[in-house]
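Read off the chains here:
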Amino acid sequence: MEDAVDQDVQRPGVAVAGGEEGTSTILRPGAFASNAGAWAWAVKAGRPVSLPCPGAHNDPVHEHDVAEAARAVLLEPRHRGGLFTLTGPRSLTFARQIDQLAAVLGRPITVDHVTRDAWKRETAAYVPGPYADALLDWWEAHDGRPAALTTAVEELTGHPARPFTAWAADHIADFREA
C-alpha cells in the first residue's frame with residue numbers, strides 16, 4: 001500500500017534525480033546496520049549494552065549496499081520508476097547482532113535487558129521522548145517476529161546484500177578502545 005509520501009513523490013510533474021518528469025524511483029532501506037553504532041560507547045567502555053527488546057528483529061542493511069543501489073537506479077534506465085525495499089540478507093534480533101559484533105571484535109559483549117522506562121531515562125540526553133517511544137513501540141511490535149527480507153540489493157547491484165558481520169568488520173575500530 002502506498003503511503004502519502006510515496007504518492008506525493010510519484011505525482012505527475014515532480015522531477016526526480018535519475019528520472020524523467022513524473023517518473024520517480026524510490027529506494028526504501030530497511031534498518032541501517034549503522035544503527036548498531038549506538039552501542040559503541042558501551043562496548044568501548046566494557047559496559048553492558050542496554051536493550052529493552054533484545055529479541056526484536058530487524059533487517060540490517062550495509063550503507064555500501066544502499067549507496068550501490070542508489071548508483072544503479074541513477075545510472076541504469078531499466079530501474080527508473082521502481083520502488084525498491086532494501087534489506088540486509090538476514091533478519092536478526094538485536095541480541096544476535098550483539099553476538100555477531102562480539103565475534104568480530106573477539107571479545108564478549110554483555111547485554112542488559114532493561115525496561116522501557118529505564119532505556120528512556122538512559123537515552124534521554126540524545127533521544128527525544130517521542131522518538132524514543134516510536135522506537136520502543138516498533139521494537140516491541142517486532143519482538144520475536146522476523147523482518148521481511150527482499151532481494152532488491154542483489155537485483156540492483158548484482159551481488160547479494162552484505163551480512164551484518166561485514167558491516168561489523170568494516171566498523172570494528174568504532175567499537176575498540178582508542
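Residues numbered from 1 in each chain as written. Predicted model: local features only at pLDDT ≥ 70, side-chain atom pairs only at ≥ 80, totals over all residues. Heavy atoms only, no water.

**Let's talk about the environment of Ala-168**
Phase 1: By the element assignment, Ala-168 lies in helix H8 (residues 164-170).
Phase 2: Expressed as a C-alpha distance, the spacing of Ala-168 and Ala-103, which sit 65 residues apart in the sequence, is 9.5 Å.
Phase 3: Discounting chain neighbours no more than four positions away, the residues touching Ala-168 are Leu-101 and Val-104. (Helix = DSSP H or I, 4+ residues; strand = E, 2+ residues; numbered from the N terminus. Contact = heavy atoms within 4.5 Å.)

**Some thoughts on the nonpolar core**
Phase 1: Counting 28 residues, the largest nonpolar core has Trp-39, Val-49, Leu-101, Ile-109 and Phe-175 as its most contacted members.
Phase 2: Those elements that provide at least two residues to this core are helix H2 (40-44), strand S2 (49-51), helix H4 (94-105), helix H6 (129-141) and H8.
Phase 3: Among the elements that make up this core, the one with the highest residue count is H4 (five residues).
Phase 4: If we skip the residues at most four places from it in the chain, Phe-175 touches Ala-36, Gly-37, Trp-39, Ala-40, Val-43, Lys-44, Leu-101, Leu-105, Arg-107 and Trp-167.
Phase 5: Counting residues in each nonpolar core, the second largest holds eleven residues, with Phe-84, Ala-152, Val-153 and Leu-156 among its members. (Core = buried A, V, L, I, M, F, W, Y, C linked by side-chain atoms within 4.5 Å. Buried < 20%, exposed > 50% of the residue type's maximum accessible area, 1.4 Å probe, protein only.)

**Examining the pattern of salt bridges**
Phase 1: Under the criterion given, the structure shown has seven salt bridges.
Phase 2: In this structure, Arg-162 and Glu-68 form a salt bridge, with 2.9 Å as the shortest nitrogen-oxygen distance. On the criterion of sequence distance, the pair formed by Arg-162 in the loop between helix H7 (152-157) and H8 and Glu-68 in helix H3 (residues 63-75) is long-range, its members being 94 residues apart.
Phase 3: Linking Glu-140 and Arg-116 is a salt bridge whose minimum nitrogen-to-oxygen distance equals 3.0 Å. With Glu-140 in helix H6 and Arg-116 in helix H5 (residues 116-123), this pair connects stretches of sequence that are 24 residues apart.
Phase 4: What makes Arg-116 partly exposed here is its relative accessible area of 25%.
Phase 5: Shared partners join several salt bridges into a network, and the residues in it are Arg-116, Lys-120, Asp-133, Asp-137 and Glu-140. (Salt bridge = Lys/Arg side-chain N within 4 Å of Asp/Glu carboxyl O.)

**As for the packing of aromatic side chains**
Phase 1: Here the structure, examined in full by the defined rule, presents five aromatic pairs.
Phase 2: Each residue in the set Trp-39, Phe-94, Trp-119 and Trp-139 is aromatic and connected to the rest through ring pairs, giving one cluster. (Phe/Tyr/Trp six-rings, centres within 6.5 Å; stacked < 30°, edge-to-face > 60°.)

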